[in-house]
Amino acid sequence: MKRVIAVLSVLVWTSAAFGGETLREISWATLHAEGRVSGGLVLPPDSGAAFPHLKVENVQGAPSRVTILTLEQPGIRHFPYAVTGSVRHDGVAGTGYLEMWSVFPNGRYFSRTLAAAGPLKSLEGSSGWRPFILPFFAEPGTPPPTTLTVNIVLPSRGTVYVGPLRLVQYQAGEDPLAAPGQWWSERTAGLLGGLLGGLLGCLGAVIGWLASRGKARAFVLNAARALTVGGVAALTLGVVAFVRAQPYAVVYPLLLLGLICSVVFPAMLPTLRKRYEALELRRMRAFDTR
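Let us look at the structure shown here. As the structure is a computational prediction, the values presented were derived from the model and not from experiment.

Some thoughts on the layout of surface pockets
- When its volume is computed, the second largest pocket comes out at roughly 340 Å³.
- Contributing to the lining of the second largest pocket are 17 residues, with Ala189, Leu192, Gly193, Pro253 and Leu254 lying nearest its centre.
- The set of elements that each furnish at least two residues to the lining of the second largest pocket consists of helix H3 (186-212) and helix H5 (248-289).
- By residue class, the composition of the lining of the second largest pocket is 13 nonpolar, three polar and one charged.

Given below as structure tokens:
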């Protein structure tokens, strides 16, 4: 019973986490009844899953790519879009993944779950039921895809179970990877992390260069203090984000930035003060000598 409740919780979370407009609900039982299951074995609900699910197994150990779903004329009108669902895997050797091929009049492109964590996490080892998403982004004006194909790719032995799927399309500017209430998406986190990391590195270099030459004392000391305060604020926000169960893309950058600023710059302040005091004392001695 606990397993059923846990699985239902995962499905409810999946439905809530990824918004957008649902174009199709894909049931393995329905596809099986229509003879449209192209790969794998459809299993009925059991003690581990309260819904029909697809089982794909690699017992030979050779690399395999199994097509589990093909959607002709999926009816997508705008971008981005995604196939979402839940997945479980047992004993996957190496790094496997789910992939979606989007076929357009001018070519075909793929989306793959090859991340280290989150809904784009790869298939490695064993895992209980968890949500996944295969998103696709395109420039405005791109014609809609004519075919979508979903595969399971395993480099060696392993078993993968896939729950019911959804085809979802989003409004322009929506991020399929952002959960409701998430402060920012993974893409935004990467952009902010790169920007703030570069800015912090440049500012630290400027502070070090000015301090080594005894210039702009007020700016250097005030900048170090401001960065310390900013670090404490970021660290506090990171703790709040963790307590509120914000995702990794929100918690990690805040904690990392806060830890660096609240530890490095307070430690630098006494050294900076002594440096300026020593240079000032040297100037006074030089003046007295003259």
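From this point, the narrative continues.
Considerations on a nonpolar patch on the surface
- On the surface, a cluster of nonpolar side chains totalling about 650 Å² of accessible area is made up of Tyr248, Tyr252, Leu256, Leu259, Ile260, Val263 and Val264.
- Along the chain, tyrosine 248 turns up in helix H5.

So, the packing of H3 against H5
- Following both chains from N to C, one finds H3 and H5 inclined at 5 degrees, their axes separated by 11 Å at the closest point. Relative to H5, the element H3 lies roughly parallel. Residue-level inspection shows Glu186, Ala189, Leu196, Leu200, Ile207, Leu210, Ala211 and Ser212 of H3 in contact with H5, the latter providing Ala249, Pro253, Leu257, Ile260, Cys261, Phe265, Met268, Leu272, Arg275, Tyr276 and Leu279.
- Of the residues contributing to the contact of H3 with H5, the split by class is 16 nonpolar, one polar and two charged.

With respect to the packing of H3 against helix H4 (residues 217-243)
- Direction vectors running N to C along H3 and H4 enclose 145 degrees, while the axes themselves pass 10 Å from each other. H4 is crossed by H3, and the crossing has left-handed handedness. Contacts from Leu200, Leu203, Val206, Ile207, Leu210 and Ala211 in H3 reach Phe219, Val220, Ala223, Ala224 and Leu227 in H4.

About the criteria used
Residues numbered from 1 in each chain as written. Predicted model: local features only at pLDDT ≥ 70, side-chain atom pairs only at ≥ 80, totals over all residues. Heavy atoms only, no water. 1 Å grid on protein atoms, 1.4 Å probe; cavity = no way out; pocket = protein on both sides within 12 Å on 5 of 7 lines; lining within 4 Å. Points joined across faces, edges and corners; volume = space filled by probe spheres on them. Helix = DSSP H or I, 4+ residues; strand = E, 2+ residues; numbered from the N terminus. Nonpolar A, V, L, I, M, F, W, Y, C, P; charged D, E, K, R; others polar. Patch = residues over 30% accessible without salt bridge, like charges linked within 9 Å, V, L, I, M, F, W, Y side chains within 5 Å. Areas by Shrake-Rupley, 256 points an atom, 1.4 Å probe, with all protein chains shown as cover. Salt bridge = Lys/Arg side-chain N within 4 Å of Asp/Glu carboxyl O. Axes fitted to C-alpha atoms, helices over the stretch in contact; angles between N-to-C directions. Parallel < 35°, antiparallel > 145°, perpendicular 65-115°, else oblique. Contact = heavy atoms within 4.5 Å. Left-handed = near helix turned anticlockwise from the far one by under 90°.

Geometry only, nothing functional implied.
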